[in-house]
Amino acid sequence: RTLRSVDSSLIETRVLGLSATLPNYEDVAAFLRVDPEKCLFFFDNSYRPCPLQLQYVGITTRKALKKFQLMNEITWTKVKDQIKSGQQVIVFVHSRKETVNTARFFRDQAIEESLLDSFLKPETASAEVIQAELGTVKSSDLGDVLQHGFGVHHAGMARADRALVEDLFSDGHLKVIVSTATLAWGVNLPAHAVIIKGTQVYSPSKGRWTELSPMDVMQMMGRAGRPQYDTHGEGIIITSHGELQYYLSLLNQQLPIESQFINRLADSLNAEVTLGTVSNIAEAAEWLSYTYLFVRMLRNPTLYGCTVEELEEDNSLRARRLDLIHSAALVLDKAGLVRYDKRSGAIQGTDLGRVASNYYITHKTISVFSEHLKPTMTDIDLFKIFSLSGEFEQIRVREEEKLELQRLAERVPIPIKDSLDDPAAKVNVLLQAYISNLKLEGLALTSDMVYITQSAGRLTRALFEIALRRRWSNLTDRCLNLYKMVTKRMWSVLTPLRQFPTLLNEDVLKRVERRDLDFDRYYDLTPAEIGELLKSAKMGKTVHRLIHYLPKLEIAAHVQPVTQSTLKFQVTLAPDFMFDEKIHGAGEPFWILVDDADSETILHSELFFLRKSLCEDEHTLTFTVPMFEPLPPQYFVRCVSDRWLGPETIVPVSFRQLVLPKKFAPHTELLDLQPLTVSEAFSSGKSSSSAFADFVSTLKDYFESKFHTFNPIQTQVFSSVYNTDANCFVASPPNSGRFVLVELALSRLFIAKPTASAVYVVPTGEASLQRRVKHLRAGLGKAFGLEIESFRGEATTDIKLLDKPGVVIVCSSEGWDIMSRRWKQRRAVKAVSLYIVDDLHTISNQDGSVLEVICSRMRYMGAQAVLAGKPAPRIVGFSDSIANARDIGDWLGVQSSNCFTFHPNTRPVPVDTHLQVVNIMGSSVSAAMARPIYTSIRSYSPTSPVVIFVSSRKLTRATALELISSAGGDGRKSRFLHASLEDINPLLKQVQTGALLHCLKSGVGYLHEALSNTEFSAVEELFSSGAIQVVVTTPGCAWRSSALYGQLSIIAGTTEEESTDALRRGEYPLSEINHMIGRAGRGLEDTTATCVVLTSASQKDYYRKVLTEPLPVESHFDHILSDQLNAEIVVKVIESKQDAVDYLTWTLFYRRLAQNPNYYNLAAADHQHISDHLSELIETALVDLQACKCVATEGAEDMALGPLNLGMIAAYYYIKCSSVELFSSSVTAKTKIRGLLEISCAAAEFDNLPIRLGDDDALRKLALHSVIAPPAEARYTDPHVKAFLLLQSHFSRTLLAGDLAADREVVVKNSLRLVQALVDVISSAGWLKPALAAMELSQMIIQGMWESNSPLLQLPHISTEKAKELEQMGVGSIFDLVDMEEAERVKALGMKESELLQVAQTCNSYPSVDLSFSLADTKFGAKEPVELSVDLERECSPEEAEEIMAPKTVPVLSSRFPQA
C-alpha cells in the first residue's frame, strides 16, 4: 500500500527495510523497490561480531511426560557445562509458568548435585547484592529462585522485577536467566550461550501447539555472544527429532521466505475497495503487482499454482493475477462485502465491507454475523453468534480443560445451551469469564482467553455497527451494551460506579448494589444522604462526585411537521455531568437515536461528540425523520453514551395533538410545446412608435447573440413574463434559465416605460449580487443604455441612485429592507414600477425572514397605491422547485394562471443524481473524499468539465492535490489538462500562488474567496475555455462565478465547514445543495448531466427523499417579529395593536399558519386558534419591545403604539432592539473605550458569528497579544469573545489568514453601525466623555488603529516603523507632513510615485476644520435654553470648494476599512 501510494501521489517516501539474514534477500529487495547496486546490503553469518556455534539436540521419545523430563535433564546438562566454563546462560521457554518451573528444577538439581556454589558463591559481592535486593522483589516466585542465583523474566512480571533481573544479569551477578521470548524481542541483553528449551508454542489463533516462527528462533539466537567479552557465542536448540531438519535448513539459510498473502487476499482486497484505491479487477490486478506475493510468483510460479509455460506466455502473470482477484471478488460478493459485476469487472463496496475493513474483521466472520443476526436476538443469542466468529475457528477444546470450563460455565451469568465440547461454547465461556473478572488456572486456557478478548472489542463494535445500519433498535442497544461490557469488564446489571475501580473499593460497590434503589435516584441525593444510605459518611462525597462524573445529557425535543411524511426534529442537549479531562479525555461521544412507537426500528441515528471546551453549553441538533401511516402515537428520542455503561436519557415525543400539513397542489405540468425561437418571440410586437420597434429589434438581436431557442420552461412561461404586466411567480429547478426571464421582465418594463425604475432583489449574498450586476451591465444595460446600480450603504446616495430614470437597482434583501422601511417618506421607493425577487426559496433559511419582510412590504405598498388610485408595482418572483409554490403565489398576489411550479425533474438538461456514503471518521476529509471523487470523474465524466464543491478554503487546495496524485497513480498525471502549457502560459503568468500554479499545470484549478481577482479570473477563463477539466471550489465562489458549470458536479460532503453549534459541522441549507446540483449541465452543450453527492450514512435517506420531492417553504418571520414591529412603528405604518395584527396578515407566515399549524406551535388551524395565536405573538413582541424601552403603549387598553428614542435608534441603524437595550443598560457616565468595546461586541448581531474547529486555539493566541485582555472567565468558543479579539486585531493591524480574516471583515463592517448607534444612545443620556470615547472608537474602526498610535498611520503605505522614523524627524502629525518641503517629504517617505500620489490624495482629503461659536444672548438663567451659533470653516481653493459643496457623498479614504 505504501509503495503504491508513492507511485500514485508522486510524493517520495523512503522505505528502509531491516531483517535477519535471508536466503532470498534479492526478492525482498525487489519487493521494496531497492536499487541492488547502491542500496542493497547483505551480511551473512560470517559478518557476525561474535561467531555463533550451533548445537542441535533431537529428542526421539514421543511420550509427553517422558519427553518433558528428558528435555529438562538435557537443558540442565547444557546449563551446567556453561556454568562450569564460567559463562552466563539464557534459557528460553515458551510460557510464563514454565519460566519458574524450569528455574526451580535447576535449583533442585543444583542442590541435589551440590552445585549451588557454582551459581552463587556465598559471602561474595554478588551474593550480598542479591541479598540486598531481595527485599524489593514483588514476585514471590522470583524471590524463591533469585536467592539461589537463578533469575526468571517474562512480560507478566512487574516492571521493577524485570528491570532488577536485567540489571543483575548485565552486571554479572546472575549466571542463569530463564525467560520467555519477550527478552529476545524487547531487551538487548546478550549472554555467552542461549538455550532454546523446546520449539513448540501454543497458538490460540490455531487452537494447537505449533513450531516457533523462524523470526522468533533467529531473534533468540541473536542474544548469543557478547562481542566485548566473547570470541564466539553458543546456541543450543532442543527440539523433537522430526523438526531437526527444519531448523538446520532455517538457520543455514536454505529455506527461502515465502509469501502468505494469498491466505488473506480476499480481506485485503476488501480493505482496498473500502479505501477507494480499487474499483475494478484491472486496478486490483495492478495492486497485486505491488505485493511480495507477485515477486515470489515470478520466482517460483509452481509453488503458487502457475506453470512454467504460463510464465513464459505471460511474463507479468497478469492472467493469473486477474484469476486470483476474480476468485477473491466472488468470495467477497457472496459474503455481501462488495458488489461485483462479473461482466464489467466493477467492484463496489457495501456497508458490510466497510464495517469489516474498519474493524479488521475477516469476510468469514462478517458473513456469519450478517447471516445469523436477527432483530429479536437476546443476550444468549448474541454471545452465541460472537462465539461463531471466524477468528476463533481454530480454537479447540482440550480434555484437560473440560473440568475448568465446566466450573466457569456454572459461574457465568448468561446460560450456555451448547455442549462444552463445542469450541463455540468455550469461546462463550471465556468471554463471559473475562467480563466477570474470573481467574483461570490452565496456561492454554489463559492464552485462549487473551486471544479472544483481544478481538472482542472490535467484533462487538462490528455487531453494533451492523445492527445500527439495519436500524434494529433493540439489537443495537444490546450490541452497544455488549461492547461496553467487554471494554469495561463489567456486566450492565451491576452498578455503573464499577467503571471507577481505582476510586472505590469493593466494599462500597457491594453496598451500593445491595441497596434496592434505582440508580437514577442517586442523582437527586446529596453527599450526606448518600453517605447515610451507604452507612459510610466519608464515602458520601466521593460517591456523589463519581455519580456526577457519569456522562449524561438531558434532552428536550421539539417536533415540526414539514410534509405529511416528514417531521423536523429539533433536539436540545444539555450536559448533566461534571467534566474531568482525566476521566473523559478530550470529549465524550453520544448516540442520538430516534425510535418508532414500538422501539423496534431506528428512524434516525447520529453521533454527537461533546467537546471539553463546550461541556457547559446547550447544543441543538436539527434533523428530519420519516412519518408513516397510520399516524403512530409517539416516537422516542434517546441519548446513549458510546463509552459508558449507565444512565441513558429517553424522551417520548407524543403525536396525540399532531396536525399534519395539508396536501400540496400538484406541480405545473411541463407542456410538450414547440420550442419558442427568439425571432418568433419578438416578431409580434406591433406599435406605431418607432422607438418601440427599435427597442424590440435590439432586444431580439441581444437574445439571438446568446441563443436561438428558448428552453421548454422559458417557452411555457414567456407569455406571462413578457406579454403581460401581471404579477408572476416561477418555481423551477436550478440552471433552468431563470436569469433570461429576469431580463424579459425588465425588457417588458422599459419598453413601456423607458424612464421607470426597477428593483432586483438578490438574497443569496454579496458575491451573487455582484455577479448579477456584472451580467446586467454587460447585457441589457449595455444593449439599451440602462443604469444598472447597487446600493452603496449610505442612505442619501442610495436614494439618489433609485431616483434616476431608467435605473435597475440590484440589491440584497437587507439593503432593500433598509431603503424601503421609510417608504412613506421616500418618493423614489413608491415610484418603483417593477420588483423582481429571486431565490424566494431561501425564505426557509434561518436568515430568510428579511426576504419575507420586504416582499410583504411590497404587497402592502401596492395595496396602498391602489387605494390611492395609482397602479400597483408589478412583482415577479423566482425560486427553486418547491412544494407549496401556490402559497407563495397567493402571498405575492399572483393569479393561478401566472403561477408556475415545475418539478425538479423538468430541468432543461436532465441531471442524474447519485448518492454515495463516505465515512470521514478517523481520516482527513480530503483523504476520505479523494478516491470517490476521482472514481466518479473517471466513471461519469472522463473528459468533460467537472465542478467539485468542498466546504472550506483549505480543502480546495488539498482536494486538488489529491486529485492530481490519483491521476498520477493511474499513470496519467496530466489527464485533466486539455491544452499545451505554451497555449495557456499567458494566463498562468497571472497566477502568483505557487500551489495553484502547480495544480493548473496538471489541469486542476481551485477557487476560494481569498484568491485575488486576477487569479480568480484566470482560473475561470482556463476552465470555461476547456483548457483545464476540473475546478475545486467552495459553494460561496459558485455564487460569484458564472463560468462554473460542468457536465459533472460533485458535492464532496453535505456539511458546512463552520457551525456555531458546538463546533459541529452543520448541514448545508437545502437551497445551497440544489444550487450546487444546478451547476451540473451546460445549457447549450450538454444533453445530460450527472451530480454525485457524497454524504454521511445518517443523511443519505434524507437527501434521497428531498432531492426528488421538494420541501415546502416555511416562514421564520416570528423569529424577528419584535424588530420588524419596532421598525414599522417608528415609520408609523403600525400605530395600534390592531394595525400590528393586520400587518401580519400580509406575510407568508400568516398564510402558512392555516396550512401547517403545528410547525408554528399552533394546536389547530381554525379561525379562533389563528386569531388568538396572532394576538399572543403581538402581545409577546410588544412586551419585549417595552422591556427594551423601544416602544410605548398608550390610550384605551394600551391599544395605541408609539416609538421611543431607543426604538428609533435601532430602526435607523438597522440593529436589533436587544442590542440597543444592552447599550442603554450597560453604558455609564464613566465608561471608557475598553467598556465600549466590550459592550459593542456583546451585541446580538454577533450571536451567529461562526466558531470553526480550531478557532478557539487561534483566539487564545490572539488573546496573548491583545491590548485589552478578555475577562479571565471568557470562553473562546463564545462568538462575542471572538468579535472582541478580532476587532482588537483590526486595531493592532495583526495579519490574519483564511477564514479568520474573512470573519474579521464581517465584524468590522457590523461594528461601525453598532458604535454609531452607541454614540446616539450615549448622547441621549447627555454623557460627554463616553460619547467622545465612542466617537474615537468609530474612528479606530474606520482607520484600523488604536487612538494612542501615531496619526500618520491613517495614511496608506505608512508602517509603524516608518511612522517612528518620521516622528524622530519632527513629523508627528499629518499637518506636519503637509507642511514639509516637497523634496524633503519625498526623501523622508521613500516611496514609489504611485504610492506618493495615494498619500497626497489622503492628505488632501484629511479634514482640517476651524471651529468658532458665539452666543446670541449673553444673559440667561439656570436651566434656560441657550441659542448657540457654531461656525465650521475649512481652507481650500475655489475648485475644491465647488467639489465639496456638490450634492454628493465624499468617501473617507481608509485602506484598513473593508468597504473603503
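Residues numbered from 1 in each chain as written. Predicted model: local features only at pLDDT ≥ 70, side-chain atom pairs only at ≥ 80, totals over all residues. Heavy atoms only, no water.

## Considerations on the overall build of the protein
Spelled out, the test is: Secondary structure elements follow DSSP: runs of H or I of four or more residues count as helices, runs of E of two or more count as strands, with numbering from the N terminus. Under the scheme applied here, a residue whose accessible area is under 20% of the maximum for its type counts as buried, over 50% as exposed, and between as partly exposed, the area being computed with a 1.4 Å probe on protein chains only. Throughout, a residue-residue contact means that at least one pair of heavy atoms, one from each residue, lies within 4.5 Å.
Along its length, the protein carries 61 helices and 34 strands. Judged by the C-alpha coordinates and their principal axes, the protein covers about 130 × 85 × 85 Å. Taking all 1460 residues of the protein together, the buried fraction comes to 51%. Long-range contacts, defined as pairs at least 24 residues apart, comprise 71% of the intrachain contacts of the protein with a sequence gap of at least 6.

## Observations concerning the sheet that holds strand β27 (residues 1004–1007)
The condition that has to hold: Should DSSP find at least two bridges between two strands, the strands are taken to pair. All axes here are fitted lines through C-alpha atoms, helices being fitted over the stretch that makes contact, and every angle between N-to-C directions spans 0 to 180 degrees.
One open sheet accounts for 6 strands, arranged β25-β30-β29-β26-β28-β27; its pairing is parallel. Only two strands of the sheet have a single neighbouring strand rather than two, namely β25 (911–917) and β27. Strand-to-strand twist in this sheet, taken as the mean axis angle between neighbours without regard to direction, amounts to 15 degrees. The sheet contacts of helix α44 (residues 1070–1077) involve β25, β26 (946–949), β29 (1048–1052) and β30 (1089–1095), and relative to β29 the element is tilted by about 145 degrees.

## Topic: the pattern of salt bridges
Let me state the cut-off plainly: What counts as a salt bridge is simple: a side-chain nitrogen of Lys or Arg found within 4 Å of a carboxyl oxygen of Asp or Glu.
Evaluation of the coordinates by the stated rule reveals 71 salt bridges. Residue Arg478 is joined to Asp379 by a salt bridge in which the shortest nitrogen-to-oxygen separation is 3.2 Å. Here Arg478 is found in helix α23 (residues 473–488), whereas its partner Asp379 is found in helix α19 (residues 379–387), with 99 residues between them in sequence. For the salt bridge of Glu1114 with Arg1152, the shortest nitrogen-to-oxygen distance reads 2.8 Å. A residue pair is termed long-range when its members are at least 10 positions apart, and Glu1114 in the loop between α45 (1097–1106) and α46 (1121–1130) and Arg1152 in helix α48 (residues 1148–1155) qualify at 38 residues. Note on accessibility: Glu1114 and Arg1152 belong to one class, buried. A network of salt bridges, in which partner residues are shared, links Arg104, Arg107, Asp108, Asp141 and Asp144.

## Let's talk about unusual backbone geometry
With omega at 0 degrees, the peptide bond leading from Glu629 into Pro630 counts as cis. As for its position among the elements, Pro630 is in the loop between β15 (619–626) and β16 (634–641). Backbone geometry at Ser599 places phi at a positive 55 degrees, although glycine is not the residue there. Within the secondary structure, Ser599 sits in the loop between β13 (587–595) and β14 (602–611). Despite not being glycine, Asp839 has its phi angle at roughly 55 degrees, a positive value. Note on placement: Asp839 falls in the loop between β22 (834–837) and α36 (849–867). Judged by relative accessible area, Asp839 falls into the buried class, the value being 3%.

## Looking at the packing of helix α52 (residues 1233–1241) against helix α54 (residues 1279–1292)
Helices that pack against each other are described as a pair by the angle of their axes relative to one another and the distance between those axes. Spelled out, the test is: Throughout this description, any angle smaller than 35 degrees is read as roughly parallel, any larger than 145 degrees as roughly antiparallel, any in the 65 to 115 degree range as roughly perpendicular, and the remainder as oblique. Handedness of each helix crossing follows the sense of rotation of the near helix against the far helix: counterclockwise by less than a right angle gives left-handed, clockwise gives right-handed. Think of it as three bins: nonpolar holds Ala, Val, Leu, Ile, Met, Phe, Trp, Tyr, Cys and Pro, charged holds Asp, Glu, Lys and Arg, and polar takes everything else, Gly as well.
Interaxial distance between α52 and α54 falls to 8 Å at its minimum, and their mutual angle equals 130 degrees. Considered as vectors, α52 and α54 are oriented oblique to each other. Two packed elements cross with a definite hand, and for α52 against α54 that hand is right-handed. Residues Leu1237, Glu1238 and Cys1241 of α52 form the contact with α54, whose participating residues are His1280, Ala1283, Phe1284, Leu1287, Gln1288 and Phe1291. Across the contact of α52 with α54, the residue classes tally to 6 nonpolar, 2 polar and 1 charged.

## So, the packing of helix α20 (residues 402–411) against helix α21 (residues 423–435)
Look at α20 against α21: their axes get within 10 Å of each other, and the N-to-C directions meet at 55 degrees. Considered as vectors, α20 and α21 are oriented oblique to each other. The chirality of how α20 crosses α21 is left-handed. Contacts from Leu405, Leu408 and Ala409 of α20 reach α21 at Lys426, Val429, Leu430 and Ala433.

## As for the packing of aromatic side chains
For clarity, the cut-off: Here a Phe, Tyr or Trp ring, Trp counted by its six-membered ring, pairs with any other such ring whose centre lies within 6.5 Å, and the pair is stacked when the planes are under 30 degrees apart, edge-to-face when over 60, and tilted otherwise.
Counting across every chain of the model gives 42 aromatic pairs. Consider the rings of Phe500 and Trp644, whose centres lie 5.4 Å apart with planes at 40 degrees: the pair is tilted. With a gap of 144 residues between them, Phe500 in the loop between α23 and α24 (506–514) and Trp644 in the loop between β16 and β17 (649–654) connect regions that are remote in the sequence. Phe500 sits in the buried class, given a relative accessible area of 4%. Seen in terms of ring centroids, Phe569 and Phe623 are 5.9 Å apart; in terms of plane orientation they differ by 10 degrees. Their pairing is stacked. In this pair, Phe569 sits in strand β12 (residues 566–575) while Phe623 sits in strand β15, placing the two residues 54 residues apart along the sequence. Phe623 matches Phe569 in its accessibility class, with the two residues each being buried. A network of ring pairs unites the aromatic residues Phe682, Tyr702, Phe703, Phe707, Phe710, Phe718 and Tyr722 as a single cluster.

## Thoughts on α21
The criterion, for reference: Multiplying one less than the number of residues by 1.5 Å gives the expected span of a helix. The definition of a polar contact used here is a pair of N or O atoms within 3.5 Å, where within protein one atom must be able to donate a hydrogen and the other to accept one, and adjacent residues in sequence count solely through side-chain atom pairs.
For α21, spanning 13 residues, the distance from its first C-alpha to its last is 19 Å, which sits close to the expected 18 Å at 1.5 Å a residue. Counting buried positions along α21 gives 12 out of 13 residues, so the element sits mostly inside the fold. Capping the start of α21, Asp422 holds a side-chain oxygen 3.1 Å from the backbone nitrogen of Ala424, two or three residues further along. The first or second residue beyond α21 is Asn437, which carries a positive phi of 60 degrees.

## A closer look at the confidence of the model for the protein
How we decide: Per-residue confidence from the prediction method is given by pLDDT, with values spanning 0 to 100.
Per-residue confidence for the protein gives a mean pLDDT of 88, with 96% of residues at or over 70. This model gives residues 1058–1064 a pLDDT under 50, and the stretch forms 29 contacts once residues within four places in sequence are excluded.

## A short note on the environment of Pro496
Tracing the backbone shows Pro496 in the loop between α23 and α24. Apart from residues lying up to four places away in sequence, Pro496 is in contact with Met490, Phe519, Leu550, Leu645 and Gly646.

## Remarks on the side chain of Thr476
For Thr476, the position within the fold is in helix α23. Side-chain polar atoms of Thr476 contact the backbone oxygen of Trp472, separated by 2.5 Å. Those residues in contact with Thr476 that sit more than four places away from it in its chain are Phe464, Ala467, Leu468 and Ile602.

## Looking at the sheet that holds β16
Reading across the sheet, the 4 strands line up as β14-β13-β16-β17 and stay open at both edges, with antiparallel pairing between neighbours. Two strands lie at the open edges of the sheet, namely β14 and β17, each paired on one side alone. The sheet shows a mean angle of 15 degrees between the axes of neighbouring strands, direction not considered. Pairing between β13 and β14: 9 bridges, direction antiparallel. Paired with Leu593 across the strands is Ser605, a residue of β14. Sheet contacts for α23: β13, β14 and β16; angle to β16, the most-contacted strand, approximately 10 degrees.

## Side note on a positive patch on the surface
We count it as follows: Patch membership is restricted to residues that have no salt bridge and whose relative accessible area is over 30%. Joining uses 9 Å for like charges and 5 Å for the nonpolar side chains Val, Leu, Ile, Met, Phe, Trp and Tyr. Where accessible areas are quoted, they stem from the Shrake-Rupley method and a 1.4 Å probe; at the residue level, only the protein chains shown are allowed to cover. The convention is simple: Lys and Arg are positive, Asp and Glu are negative, and His and the chain ends are not counted. Every charge is mapped onto a representative atom, which is NZ of Lys, CZ of Arg, CG of Asp or CD of Glu.
On the surface, a cluster of positive charge is made up of Lys510, Arg514, Arg515 and Lys535. Locating Lys510 in the fold gives a position in helix α24.

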